[in-house]
Amino acid sequence: MSVQRGGFSTRIGFILAAAGSAVGLGNIWKFPFEVGEGGGAAFVVMYLAFCFILCFPVLVAEISIGRRTKRNAVGAFKVLGHKKWAFIGYLGLASGVLILSFYNVVAAWAFGYFIDILFGTFSVGGEAFGAFTKDWVKVGSYAIIFMVTTAFIVSRGIAGGIERAARILMPTLFIMIIGLIIYAMTLPNAFEGLKFYLVPDFGEITGSVVYSALGQAFFSLSLGMGALITYGSYLSKDSNIVKSAAQITLMDVGVAFLAGFMIFPFVFTQGLEPNGGPGLIFATLPGVFESLGYWAGNVIGAFFFLLLSFAAFTSTISLLEVPTAYMVDEHEIPRSKATWIVAAVIFVVGIPSLLSNGASEALGQFVSLAGAGTLDFMSFVGLIANDTFLPLGGFLIAVFVAYVWRKENFDKELAEGADDLKGSWLQSYVNFAVSYICPLLLGLIFVVTVLDNFFGVKLLTILLG
Ligand code: PHE
């Protein structure tokens, strides 16, 4: 391979970049409304459990594949297995392209809200949200800005681009969240919000709550599509993979958990319902900010949407890096050129998603599925990529590591940079999980999702009542 790959310059740089990939709209936008719909604290408890029991071992597996092969998501499977296993990588590539295509549009909403608040052209309420997403020229312009900025960072390479951005953005993000939480705690009824968030009512747990907690945990950690294989491929041999993975998981879970401490006091201070669905952040919260008064509302609102944009940004960077690394390694295209080509293609793929939230009637009611009902284009792509491809990818990755690459080789890779791992319970657990728990649960999610959404067969209800 003649093309220079580059790498992370420090271990903390890698951890921040990987945590940056994990921490995103999933933590701050999706997590709170899933908690709201899943009945509050009971969902939180399950989410935390799944992150550690199921996701952590897959995270370790992905990083190991990457570091062992020093290849992109497709090339890595060719090196460790055989050409025929490359399809797992291609599936990941497809997931990455599809996810970024609409994720960039949601990121553009967040960024657009920030700009509009800053320039005083912001209007609030559910209708305002609809009018905002319908204005495709405006959202499209923000989406272009977001994609171009993402591509700019990725084109600069690992140490000088991705790592550098993460080292600035991640600490900033953390400070912003803490600031917002402190403010949220001073609001009337903040305590009610915390109660909803933190006191579990296990009666609320149904099959579908378990299932969405599982899916959310997996998405939130950026697993199942090779993002962590790609980042792992830039990691040096002397880093401890298991320890790094634990730190990444903790940061991701930590930020999602903290996000609840700002969102729920905000929601309850207005006596609003926490189960507002995807509109919770974009339709409900602006009204809350407005009620805080002119100055406080604008400052807190702008701050909040800037935070959301930063969180999304470190994720779009990792999403773009997956196909870019593929082009660089497998087709020997120089990084800068590869980045701009891929970014342009993904932007175009995202245009129907951009138009499916009000601008186009046809795309707004794109398909009618037996179980999922009528979906707009963006939700349909989300269903395919997030809900169907990622668990399938995770299932295949776990099976690949345990039964094709094999346990002995996996263990050997984990031992590099981790002297005390050999023979520890942690090593036994990761092995056991990757061989049995992960394939079983991820395979099950995949089957349940397909049967439920596409065929209207409610397997969980049949099994669990
Ligand atoms: N984990 C990111 C989030 O929580 C989304 C993501 C998924 C990023 C897959 C990269 C790969 O928003």
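The structure under discussion appears in the preceding block.
Residues numbered from 1 in each chain as written. Predicted model: local features only at pLDDT ≥ 70, side-chain atom pairs only at ≥ 80, totals over all residues. Heavy atoms only, no water.

Draft legend 1. Representation of the overall build of the protein chain. Counting its regular elements, the protein chain contains 19 helices and two strands. Taking 2.2 N^0.38 as the reference for a compact globule, 465 residues should give roughly 23 Å; the C-alpha atoms of the protein chain span a radius of gyration of 21 Å, in line with that estimate. The principal-axis extent of the C-alpha atoms belonging to the protein chain is close to 60 × 50 × 45 Å. Here the protein chain holds 465 residues, and 58% of them are scored as buried. The long-range fraction of contacts in the protein chain, counting pairs at least 24 apart against all pairs at least 6 apart in sequence, stands at 81%. (Helix = DSSP H or I, 4+ residues; strand = E, 2+ residues; numbered from the N terminus. Rg over C-alpha atoms; globule rule 2.2 N^0.38 Å. Buried < 20%, exposed > 50% of the residue type's maximum accessible area, 1.4 Å probe, protein only. Contact = heavy atoms within 4.5 Å.)

Draft legend 2. Quick look at the site of the ligand. In the vicinity of the ligand there are 14 residues, among which Ala22, Gly26, Tyr103, Phe219 and Ser222 approach most closely. Side-chain polar atom of Tyr103 to an oxygen atom of the ligand: 2.6 Å apart, as the coordinates give it. For the ligand, a nitrogen atom lies 3.0 Å from a polar atom in the side chain of Ser222. Burial of the ligand by the protein chains amounts to 100% of its free accessible area of 330 Å². Broken down by secondary-structure element, the contributors of at least two residues to the shell around the ligand are helix H1 (11-22), helix H2 (25-37), helix H10 (207-220) and helix H14 (294-331). (Near = heavy atom within 4 Å. Polar contact = N/O pair within 3.5 Å; in protein donor to acceptor, adjacent residues only side chain to side chain. Areas by Shrake-Rupley, 256 points an atom, 1.4 Å probe, with all protein chains shown as cover.)

Draft legend 3. Highlighting the packing of helix H8 (residues 158-185) against helix H12 (residues 241-269). Remark: H8 packs on H12, axes separated minimally by 8 Å, with the N-to-C direction vectors making an angle of 30°. Once H8 is placed against H12, the crossing between them reads as left-handed. Packed against H8, whose contacting residues are Phe174, Ile177, Ile178, Leu180, Ile181, Tyr183, Ala184 and Met185, the element H12 presents Val255, Leu258, Phe261, Met262, Pro265 and Phe266 at the interface. (Axes fitted to C-alpha atoms, helices over the stretch in contact; angles between N-to-C directions. Left-handed = near helix turned anticlockwise from the far one by under 90°.)

Draft legend 4. Inspection of a nonpolar patch on the surface at higher detail. Taken together, the side chains of Ile144, Val148, Phe152 and Trp340 make up a nonpolar region of the molecular surface, amounting to roughly 350 Å² of accessible area. No other element matches helix H7 (residues 136-155), which puts three residues into the nonpolar patch. Mapped onto the elements, Trp340 comes out in helix H15 (residues 335-355). (Patch = residues over 30% accessible without salt bridge, like charges linked within 9 Å, V, L, I, M, F, W, Y side chains within 5 Å. Salt bridge = Lys/Arg side-chain N within 4 Å of Asp/Glu carboxyl O.)

Draft legend 5. Molecular detail of the packing of aromatic side chains. Overall, the coordinates contain 37 aromatic pairs when judged by the stated rule. Between Phe111 and Phe114 the ring centres are 6.5 Å apart and the planes differ by 35°, which places this aromatic pair in the tilted class. Of this pair, Phe111 and Phe114 both sit in helix H5 (residues 86-118), three residues apart, roughly one helical turn. According to the relative accessible area criterion, Phe111 is buried, its value standing at 18%. (Phe/Tyr/Trp six-rings, centres within 6.5 Å; stacked < 30°, edge-to-face > 60°.)

Draft legend 6. Quick peek at the environment of Gly382. Examined against the element boundaries, Gly382 turns out to sit in helix H17 (residues 377-415). When near neighbours in sequence (up to four residues on either side) are disregarded, Gly382 contacts Phe102 and Asp387.

Draft legend 7. Main features of the side chain of Thr314. Residue placement: Thr314 occurs in helix H14. Residue Thr314 is classed as buried on the basis of its relative accessible area, which comes to 4%. If near-sequence neighbours (up to four positions away) are discounted, Thr314 is found in contact with Gly20, Ser21, Val23, Leu169 and Met170.

Draft legend 8. Summary view of the nonpolar core. Judged by nonpolar contacts, the single largest core of 165 residues is most densely connected at Ile28, Ile65, Met262, Phe282, Phe304 and Phe305. Among the elements that line this core, the one with the most residues is H5, at 20 residues. In contact with Phe282, not counting residues within four places along its chain, are Trp29, Val106, Trp109, Ala110, Tyr113, Phe129, Phe305 and Leu308. Counting residues in each nonpolar core, the second largest holds five residues, with Leu375, Phe380, Leu383 and Ile384 among its members. (Core = buried A, V, L, I, M, F, W, Y, C linked by side-chain atoms within 4.5 Å.)

Draft legend 9. Highlighting unusual backbone geometry. Residue Lys70 is not a glycine yet carries a positive backbone phi of 55°. By secondary structure assignment, the location of Lys70 is in the loop between helix H3 (41-69) and helix H4 (73-80). In this structure, Arg406 takes a positive phi of about 85° despite not being glycine. Residue position: Arg406 is located in helix H17.

Draft legend 10. The arrangement of the environment of Gly96 in detail. Along the chain, Gly96 turns up in helix H5. Residue classification places Gly96 among the buried residues on the basis of a relative accessible area of 0%. With 76 residues separating them in the primary sequence, Gly96 and Gly20 have C-alpha atoms 16 Å apart. Setting aside chain neighbours within four positions, we find Gly96 in contact with Met225 and Leu319.

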